[in-house]
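# Descriptive structure summary
Here's the letter readout for the chains.
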Amino acid sequence: MAAEDAAAAEAARINLKIDTSDFASTNALGQGTQINQPKISIEQIVYNLALGQTTVVAGQLAASGIDSVDVHPLVVASGIVAAAKHVRRTLGPAARTARVRGVHGGDLEVFDARGVTTVFHPEDARERLGAGMIQDLVQKVSTEASDGGATAVVLAHAMVLASIRELSAGMPAAQVASSLQAAVVRARELLGQIAVPAQSEEQLRAVVFTATKDALISDMLAHVWKRAGSLDAVLLEENSGTDCSLELSDGMSFPWGLSSGRFMTSGERGQAILDDAALLIIDDWTPSLNELLPYIERLFPTKRPLLLIADHIPDDVLSMLIVNVERGNFPSAAVKAPGSEQESRSRLQDIAIATGGQVVTVGSDSGVYGEDLDRFFGRVRRAVVTATSTVLIGTGGEGQQVTHRAQEIRSAMDRLSSEDDRARLRERLARLEGGAAVLKIGGFTKRETEHRIGLAEKGLAVSRAAAERGLLPGGGAGLMQLSSVAESCLNHGERDSPGWRILFAAFSAPAQQLCENSGQAPSLEELESKASIGQCFDLVAHRYGDVAAGVADSAHVVETALSAAVDTTIRFLDLL
């Protein structure tokens, strides 16, 4: 008997080829007609696989009547569960350290979702496939939202188990995946209706602290947002000392980036950095190389870098600038200004006034040579240009002209009736008057400094998204509020669809995991009741609060985590 048990255990671990014909004619994943009720839940089998309890699983598989064809997806699911088990510990302000067995056999301490998924390496190739799905999920959320990786894993874990329940009830995998895809589209619409705008410094500080756990960085970013009303023109720099400081100055930003990646001076951060730069702004004119040379010759002896901004940049001009940058002869960068003709012209004029220059157009420099060309150049203390944006720090425009330009924009807003046109003017006004900020990040060691800069980048991305996309009740309550709203908005057929059943099963999972990690245990019924009126449990203050009190999550982060978790669940279903 012992030999038979050992053989069954080995089969469960290696191939899971178990003959169940003597036990039942049931296919628990819905591939046949159900005759006998399974004696144990599929979820329990998946959990036992993840825990490596192969002897127990062998008996459970036989008793449940699952044939060998259906077992392989369950092993993949066990890889998802095993990876999620470690990641879930790292969620929230009371996150715990996860101890993970690494590739080479030793135990490692990891502190976040990315760390767990990087080092976790199951032995079974199919389990590695499931763990790889979790690693891809964390990477996707981190890339798109900079935060929310652990939340996405908690959601995906709940969704995968809920989808297995749907399959065990006889629902085809393709139908479950289609229903889930349709449900999440509607869920994202409802989430956008729940989100509220960021209105206070405290709210934004709370969102940044949730993402970074760094009070000083949270305070500085919230202060910049309160002062400027925007976080577009914010730069992060390494401080030579050990402290962190905030420098506020005149400046602006705009959503236009490099014409070529070959202008980048910092490939690691994807930036072209130009100090004490001269701006040459060209509109409604495509200059030839010979026509542009007088401007470059004027700058060349001064060694000042050139930032060229134009709506059309010829290939020969672009090539000449790139070659000189790569040879170290003449630092420069070129930015193409997109948009409609009139809108682009107005924005270019805003930049010229803010930097103390003039826009060059057809014939505007006719008969102008030598020193007279200087009046066309704007000036900034530092320009930082990425693939998608440009930030100018220390703009040298005359204050009176900037004020007059701002008043012109306000007057134009008063004359317009279209809200879309007014919104575009408000954006221009904010960029013109908002100013810029430099966060100088220091540390006792190079490694600590780099770590804090990474936290600041993460906090900046999350705070920008929160300012643009709004806030939800924190502590997982936003998704539980979404559940309550969906219950009231959906008809019976929608609520009872496989996709919505899976989502409803997952919405409360982050809040429950947060409470579990913190050692606090408000009942699920209490959490759901409070969430329905927009309140959530503050795990730090040990009381209920709301968005107005600063207990908030970024709506963009939550939405990204939800969508990515659904994508991972559908990826799992596609294996069936």
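What counts, and where the lines are drawn
- Residues numbered from 1 in each chain as written.
- Predicted model: local features only at pLDDT ≥ 70, side-chain atom pairs only at ≥ 80, totals over all residues.
- Heavy atoms only, no water.
- Helix = DSSP H or I, 4+ residues; strand = E, 2+ residues; numbered from the N terminus.
- Buried < 20%, exposed > 50% of the residue type's maximum accessible area, 1.4 Å probe, protein only.
- Contact = heavy atoms within 4.5 Å.
- Areas by Shrake-Rupley, 256 points an atom, 1.4 Å probe, with all protein chains shown as cover.
- Salt bridge = Lys/Arg side-chain N within 4 Å of Asp/Glu carboxyl O.
- Polar contact = N/O pair within 3.5 Å; in protein donor to acceptor, adjacent residues only side chain to side chain.
- Pairing = 2+ DSSP bridges.
- Axes fitted to C-alpha atoms, helices over the stretch in contact; angles between N-to-C directions.
- Parallel < 35°, antiparallel > 145°, perpendicular 65-115°, else oblique.
- Nonpolar A, V, L, I, M, F, W, Y, C, P; charged D, E, K, R; others polar.
- Arc of directions from axis to C-beta.
- pLDDT = per-residue confidence, 0-100.
- Core = buried A, V, L, I, M, F, W, Y, C linked by side-chain atoms within 4.5 Å.
- Phe/Tyr/Trp six-rings, centres within 6.5 Å; stacked < 30°, edge-to-face > 60°.

A word on the overall build of the chain. Each helix and strand counted, the chain has 22 helices and 16 strands in total. Within the chain, buried positions represent 53% of all 576 residues. In the chain, the proportion of contacts linking residues at least 24 apart, taken out of those at least 6 apart, comes to 75%. Taken as a whole, the chain presents about 25700 Å² of accessible surface, with 49% of it coming from carbon and sulfur.

Let us look at the pattern of salt bridges. Between side chains of opposite charge, a pair can form as their charged atoms come close. This model, assessed by the stated rule, comprises 31 salt bridges. Note that Lys140 is salt-bridged to Asp567, the shortest N-O span being 2.7 Å. With Lys140 in helix α6 (residues 125–145) and Asp567 in helix α22 (residues 555–573), this pair connects stretches of sequence that are 427 residues apart. Since its relative accessible area comes to 33%, Asp567 is described here as partly exposed. When the shortest N-O distance is used, the salt bridge between Glu201 and Arg205 registers 3.3 Å. Here Glu201 and its partner Arg205 are both found in helix α9 (residues 201–212), four residues apart, which amounts to about one turn of the helix. Overall, the relative accessible area of 18% leaves Glu201 in the buried class.

Among the secondary structure elements, Thr117 is positioned in helix α5 (residues 113–119). Judged by relative accessible area, Thr117 falls into the buried class, the value being 7%. For Thr117, the side chain forms a polar contact with the main-chain oxygen of Arg114, separated by 3.1 Å. If near-sequence neighbours (up to four positions away) are discounted, Thr117 is found in contact with Val87, Ile134, Gln135 and Val138.

As summarised here, the arrangement of the three strands in space is β3-β12-β4, forming an open sheet in which the pairing is mixed. Two strands lie at the open edges of the sheet, namely β3 (234–238) and β4 (245–249), each paired on one side alone. This sheet shows a mean twist of 20° between the axes of neighbouring strands, independent of strand direction. Strand direction decides the pairing type here: β3 and strand β12 (residues 436–441), joined by five bridges, are parallel. Opposite Glu238, over in β12, you have Ile441 as the bridge partner. Its contacts with the sheet place helix α10 (residues 215–228) against β3, β4 and β12, and it is angled at close to 15° to β4. Its contacts with the sheet place helix α16 (residues 446–469) against β3 and β12, and it is angled at close to 175° to β3.

One way to put it is that helix α8 (residues 173–194) packs onto α22 with a least axis distance of 10 Å and a crossing angle of 175°. For the element pair α8 / α22, the angle class is roughly antiparallel. Here Ala173, Val176, Ala177, Leu180, Gln181, Val184, Ala187, Arg188 and Leu191 of α8 lie close against α22, whose contacting residues are Val558, Glu559, Leu562, Ser563, Val566, Asp567, Thr569, Ile570 and Leu573. The residue makeup of the contact of α8 with α22, split by class, is twelve nonpolar, three polar and three charged.

We now examine the side chain of Thr395. Structurally, Thr395 is set in strand β11 (residues 390–395). Ignoring anything within four residues of it in the chain, the contact list for Thr395 reads Asp250, Gly251, Met252, Ala354, Thr355, Arg379 and Val380.

Right, let's talk about helix α11 (residues 289–299) for a bit. Burial in α11 covers these residues: Leu292, Tyr295, Ile296 and Leu299. What you see down the axis of α11 is that its buried residues fit within an arc of 100°, all on one side. When the buried face of α11 is taken as reference, the exposed residues oriented beyond 90 degrees from it are Asn290 and Glu297. On its buried face, α11 sits against β6 (272–282), β7 (306–310), α12 (315–326) and β9 (359–360).

In this fold, Val141 is placed in helix α6. For Val141 and Val557, which are 416 residues apart along the polypeptide, the C-alpha to C-alpha distance reads 8.1 Å. The contacts of Val141, once residues within four sequence positions are left out, are Ser146, Asp147, Gly148, Gly149, Ala152, Thr560, Ala561 and Ala564.

This part is about the confidence of the model for the chain. Residues at a pLDDT of 70 or more form 84% of the chain, whose mean pLDDT is 81. Here residues 366–370 scores under 50 on pLDDT; set against residues more than four positions off or in separate chains, the count is four contacts.

This part takes up the environment of Arg347. Relative to the helices and strands, Arg347 is located in helix α13 (residues 341–355). Arg347 sits in the buried class, given a relative accessible area of 11%. Remark: the alpha-carbon pair of Arg347 and Arg431, spanning 84 residues in sequence, is separated by 9.7 Å. Once you skip the residues sitting within four places of it in the chain, Arg347 turns out to touch Trp256, Glu427, Arg428 and Arg431.

Membership of the largest hydrophobic core comes to 80 residues, with the highest contact counts inside it found for Met159, Leu482, Trp500, Leu503, Leu562 and Phe572. Per element, the largest residue contribution to this core is twelve residues, and it comes from helix α7 (residues 149–168). Residues in contact with Leu482, not counting those within four places in the same chain, are Ala187, Leu190, Leu191, Ile194, Phe507 and Leu562. Membership of the second largest hydrophobic core comes to 57 residues, among which are Ala333, Ala352, Ala354 and Ala383.

Attention shifts here to the packing of aromatic side chains. If you walk through the whole model with that rule in mind, you get seven aromatic pairs. Taking 6.1 Å as the distance between ring centres and 35° as the angle between the ring planes, the aromatic pair formed by Phe300 and Phe330 counts as tilted. Taken together, the residues Phe300 in the loop between α11 and β7 and Phe330 in the loop between α12 and β8 (332–336) connect sequence positions 30 residues apart. Taking the relative accessible area as the measure of exposure, Phe300 reaches 38% and is therefore partly exposed.

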